[in-house]
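# Structural overview for review
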Amino acid sequence: GEDVEQSLFLSVREGDSSVINCTYTDSSSTYLYWYKQEPGAGLQLLTYIFSNMDMKQDQRLTVLLNKKDKHLSLRIADTQTGDSAIYFCAESNPFGDSSYKLIFGSGTRLLVRP
Amino acid sequence: DTGVSQDPRHKITKRGQNVTFRCDPISEHNRLYWYRQTLGQGPEFLTYFQNEAQLEKSRLLSDRFSAERPKGSFSTLEIQRTEQGDSAMYLCASSPRQRGTENQETQYFGPGTRLLVL
């Protein structure tokens, strides 16, 4: 079945770059997403990438997609203390499943040290 | 605030009681989703509606769970005879009608209802 995996924890110093990694198993995944969740809050969409792309940049965020290895990464440049949160990778396959449901990883907790 | 709202934000109940949660999606969003998130995990899909029609239900949604969206606007999720294993955050998300041929969909999440079953 579909599965999305992420490393559990990442600690970086303020001003450094953060790279959060994700692997997925469904080769027919068409959209891959990164969501951010702050304590006690819902999920905020950060960015997404379509499977025919290999890179997408949006201000401080860069998403890289390696379809061959089914590997997705999120790079945050100039990481700030406000970036401390849990980051979720998610995939959907609306063409194959006829459903837009999101399959999430278990999240990577990013801690930014001053 | 025109985001997705959920009520209540917190609910504590005793095992065996029934609970009902409400979700108000962003106005004119035609799709509405329910997810469940347990501690240390990502959200898991439960069910979704397109307008008032419930189009998909996860195997996680046992027969103690029922969801409705009677007028295609707000939705309710009811859990009957709650069990301790039902303790989780219940998240609602909505998404707008697609435009053109793009099949991408952005789901906007509410703040969630945290349920604790004692």
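Preceding block: the structure.
As a starting point, this report considers the structure included with it. Worth saying up front: this structure is predicted, and the values here are computed from it rather than measured.

All names here are of chain B. Read from one edge of the open sheet, 4 strands run 1-3-8-7, paired in antiparallel fashion. Looking at the sheet topology across the chains shown, the edges are occupied by strand 1 (5–7) and strand 7 (65–68). Strand-to-strand twist of the sheet, defined as the mean angle between neighbouring strand axes without regard to direction, takes the value 15°. With 5 bridges joining them, strand 3 (residues 19–24) and strand 8 (residues 75–79) adopt antiparallel strand pairing. Each residue of the ladder has a partner; that of Arg-22, found in strand 8, is Thr-76.

In this section: the side chain of Arg69(B). All names here are of chain B. Considering the arrangement of structural elements, one finds Arg-69 in the loop between strand 7 and strand 8. It is Glu-52 that comes nearest to the buried, bridge-free Arg-69 among opposite-charge side chains, at 7.0 Å. Here the side chain of Arg-69 touches Ser-73 through a polar contact of 2.8 Å, landing on its backbone oxygen. The contact partners of Arg-69, leaving out residues within four places of it in the chain, are Pro-25, His-29, Asn-30, Arg-31, Leu-32, Phe-49, Gln-50, Asn-51, Glu-52, Phe-74 and Ser-75.

Structurally, Gln37(A) can be placed in strand 4 (residues 31–37). Gln37(A) gets classed as buried once you look at its relative accessible area, which sits at 9%. Expressed as a C-alpha distance, the spacing of Gln37(A) and Val63(A), which sit 26 residues apart in the sequence, is 18 Å. Once you skip the residues sitting within four places of it in the chain, Gln37(A) turns out to touch Gly42(A), Leu43(A), Ala85(A), Ile86(A), Phe88(A) and Gln37(B). Only 2.9 Å separates the side chain of Gln37(A) from the backbone oxygen of Ala41(A), close enough to count as a polar contact.

We now examine the sheet that holds strand 3 (residues 18–24) of chain A. In a beta sheet, neighbouring strands are held together by backbone hydrogen bonds and run either parallel or antiparallel to one another. Residues and elements named next belong to chain A. Pairing within the open sheet is antiparallel, and its 5 strands lie in the order 1-3-8-7-6. The outermost strands of the open sheet, each flanked by one partner alone, are strand 1 (4–6) and strand 6 (55–58). Each strand axis lies, on average, 15° off the axis of its neighbour in the sheet, ignoring direction. Pairing of strand 1 with strand 3, which is carried by 3 bridges, proceeds in the antiparallel orientation. By the bridge assignment, Val-4 is partnered in strand 3 with Tyr-24.

Each value, and the rule that gives it
Residues numbered from 1 in each chain as written. Chains lettered and ligands numbered in written order. Predicted model: local features only at pLDDT ≥ 70, side-chain atom pairs only at ≥ 80, totals over all residues. Heavy atoms only, no water. Pairing = 2+ DSSP bridges. Helix = DSSP H or I, 4+ residues; strand = E, 2+ residues; numbered from the N terminus. Axes fitted to C-alpha atoms, helices over the stretch in contact; angles between N-to-C directions. Buried < 20%, exposed > 50% of the residue type's maximum accessible area, 1.4 Å probe, protein only. Lys, Arg positive; Asp, Glu negative; His and termini not counted. Salt bridge = Lys/Arg side-chain N within 4 Å of Asp/Glu carboxyl O. Polar contact = N/O pair within 3.5 Å; in protein donor to acceptor, adjacent residues only side chain to side chain. Contact = heavy atoms within 4.5 Å.

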